[in-house]
Amino acid sequence: MVAEVVDYVVGVDTHRDEHTLALVEAATGAVLAQRTVASNGRGYAQALRFARQQAEGVRVWAVEGAGHYGAGLARYLSERGETVLEVGRSPRGERRLRGKDDQLDAVRAARAALGDERMPVPRSGERREALRLLLVARRGAVEVRREALVRLRSVIVTAPERLREELRGLPLQRLLGRCSRLRRSSSSTVDELAARLVLRTLARRIEAATVDAAELEGEILAHVRALAPQLLEEPGVGPIVAAQLLVAWSHRDRVRSEAAFARLAGVAPLPASSGQTSRHRLSRGGDRQLNRALHTVVLHRRQHDAATRDYIARRVAEGKSRREATRLLKRYLARRLYRLLQNQEPLMA
């Protein structure tokens, strides 16, 4: 356990403008000191100075939100040789029973680290952070494109008859090109003029989002090739899936085992037995983007890989449902891809 190898834990409750620190003694769990600092370079220096003055023995930092508001502090501390662990939010039931404020949350973060066998280490690496940002931006571009396309088709359905007949039935690319060139017409009615303007706006939005998504995907592919090109050789693993795998895994030994990686992906079977019934159910926790990446690979292999189809058929013949067979495939993929990541030698971090 963490409590057996350290003298102190500095719990940190992170927010946009300031971070609250709580220094907890590992042997007793007692709170020795607390401090609030600004969430900027000067505040990070004050936090490190506070820890060095108050906790001269072996210490670790338990940072809540190390991938969001606490990312800057986690990077600052790691660059200076400090050990940083990542903790999640305390359970809602505990906050309801024992109250909530920033100082209490900092103490809970420290004690959560003390009570765990091995807390996760925050993600690290400049390329991996670049991948995370690129994935967020591409996801936004894809969502903009999808929403605008739905709205465009909806407008066509309710457009005036002449305009609807002109556009209905066109292939997508021709439809977007035609809509993006729509102009005002003196012979058009008021509602047709409005429909033309809206269709032109939506079509140009779709085209711009498509260009953005393609550009971002090209950048993502370049980073994946630099970090782990062998991922792209796996059936069904494209640049987006590979990038999501790299962002979740981050670096060697951040996730201690393939079982822990499966739990992180939400594909580890959870026991759901009672009495004479013995069964497992699908996990709903974990990193849902990572889970989605594994699901994408399974869908591709189910459609294009004969061995995968044979495996599903065999499991169904044994009495499993297709859903249970898919869960088993995801678990297998988590094991396979984790081992591939652990054994790979990236060109640059």
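Just so we're clear, the structure is a prediction, and the values are computed from it rather than from any experiment.

The subject of this paragraph is the overall build of the chain. In terms of regular secondary structure, the chain is built from 13 helices and seven strands. Looking at the 349 residues of the chain, the share that counts as buried comes to 43%. Relative to all contacts within the chain whose residues are 6 or more apart in sequence, the contacts with residues 24 or more apart total 62%. Total accessible area on the chain is roughly 19,000 Å²; 49% of this is exposed by carbon and sulfur atoms.

Below, the discussion takes up the sheet that holds strand β4 (residues 59-64). Across the sheet, five strands lie side by side as β3-β2-β1-β4-β5; this open sheet has mixed pairing. Taken across any chain shown, the strands that pair with only one partner, and hence form the sheet edges, are β3 (31-38) and β5 (84-87). Adjacent strand axes in the sheet meet at a mean angle of 25 degrees when their direction is disregarded. For strand β1 (residues 8-14) and strand β2 (residues 18-25), the ladder comprises seven bridges, and the chain directions are antiparallel. Residue pairing across strands places V9 opposite V24, the latter belonging to β2. Packed onto the sheet, helix α1 (residues 41-54) meets β1, β2, β3 and β4 and runs at close to 165 degrees relative to β3. With respect to the sheet, helix α2 (residues 71-79) is in contact with β1, β2, β4 and β5, its orientation differing from that of β5 by roughly 155 degrees.

Where helix α7 (residues 172-180) is concerned, the buried positions are L175, L176, G177, C179 and S180. Contacts from the buried residues of α7 go to α5 (126-158), α6 (161-167) and α8 (190-227).

So, about the side chain of T308. Structurally, T308 can be placed in helix α12 (residues 306-317). Look at T308 and you get buried, because its relative accessible area is 7%. Those residues in contact with T308, other than ones at most four positions away along the chain, are R301, R302 and L329.

Attention now moves to the pairing of β2. A large share of β2 lies buried, amounting to six of its eight residues. Between the end of β1 and the start of β2, which pair antiparallel, lie three residues. Bridge analysis of β2 against β3 gives seven bridges, and the strand direction is antiparallel. Bridging across to β3, E18 finds its partner in A38. Between β2 and β3, which pair antiparallel one after the other, the connecting turn spans five residues, and G29 there sits at a positive phi close to 75 degrees.

So, on to the pattern of salt bridges. Taken as a whole, this structure holds 17 salt bridges when the rule is applied. For D17, the salt bridge goes to R16, with nearest N and O atoms at 3.0 Å. Taken as a pair, D17 and R16 share a single burial class, namely exposed. The partner of E166 in a salt bridge is R178, with the nearest N and O atoms 2.3 Å apart.

Here the focus is the nonpolar core. By size, the foremost hydrophobic cluster in this structure holds 40 residues, and its most contacted members are L131, L231, L245, L246, F261 and L294. Every element with two or more residues in this core is listed here: α5, α8, α9 (239-249), α10 (258-264), α11 (288-304), α12 and α13 (322-343). Setting aside anything within four residues of it in sequence, one finds L131 in contact with I220, H223, V224, L227, A243, L246 and V247. With 21 residues, the next largest nonpolar core counts V10, A51, V63 and V84 among its residues.

Turning our attention to the packing of aromatic side chains. A full pass over the atoms with the stated rule returns two aromatic pairs. Each ring, one from Y44 and one from Y76, has its centre 5.7 Å from the other, and the planes form 50 degrees; the classification is tilted. Within this pair, whereas Y44 is found in helix α1, its partner Y76 is found in helix α2, the two being separated by 32 residues in sequence. Exposure class is identical for Y44 and Y76. Each is buried. With 5.6 Å between their ring centres and 35 degrees between their planes, F261 and Y338 make a pair best called tilted. Pair noted here: F261 is in helix α10 and Y338 is in helix α13, with a separation of 77 residues, a long-range link. By the burial criterion, F261 is buried, and Y338 matches it. Note that R80 overlies the ring of Y76, its terminal NZ or CZ placed 3.6 Å from the centroid.

Quick notes on the rules
- Residues numbered from 1 in each chain as written.
- Predicted model: local features only at pLDDT ≥ 70, side-chain atom pairs only at ≥ 80, totals over all residues.
- Heavy atoms only, no water.
- Helix = DSSP H or I, 4+ residues; strand = E, 2+ residues; numbered from the N terminus.
- Buried < 20%, exposed > 50% of the residue type's maximum accessible area, 1.4 Å probe, protein only.
- Contact = heavy atoms within 4.5 Å.
- Areas by Shrake-Rupley, 256 points an atom, 1.4 Å probe, with all protein chains shown as cover.
- Pairing = 2+ DSSP bridges.
- Axes fitted to C-alpha atoms, helices over the stretch in contact; angles between N-to-C directions.
- Salt bridge = Lys/Arg side-chain N within 4 Å of Asp/Glu carboxyl O.
- Core = buried A, V, L, I, M, F, W, Y, C linked by side-chain atoms within 4.5 Å.
- Phe/Tyr/Trp six-rings, centres within 6.5 Å; stacked < 30°, edge-to-face > 60°.
- Lys NZ or Arg CZ within 6 Å of the ring centre and 35° of its normal.

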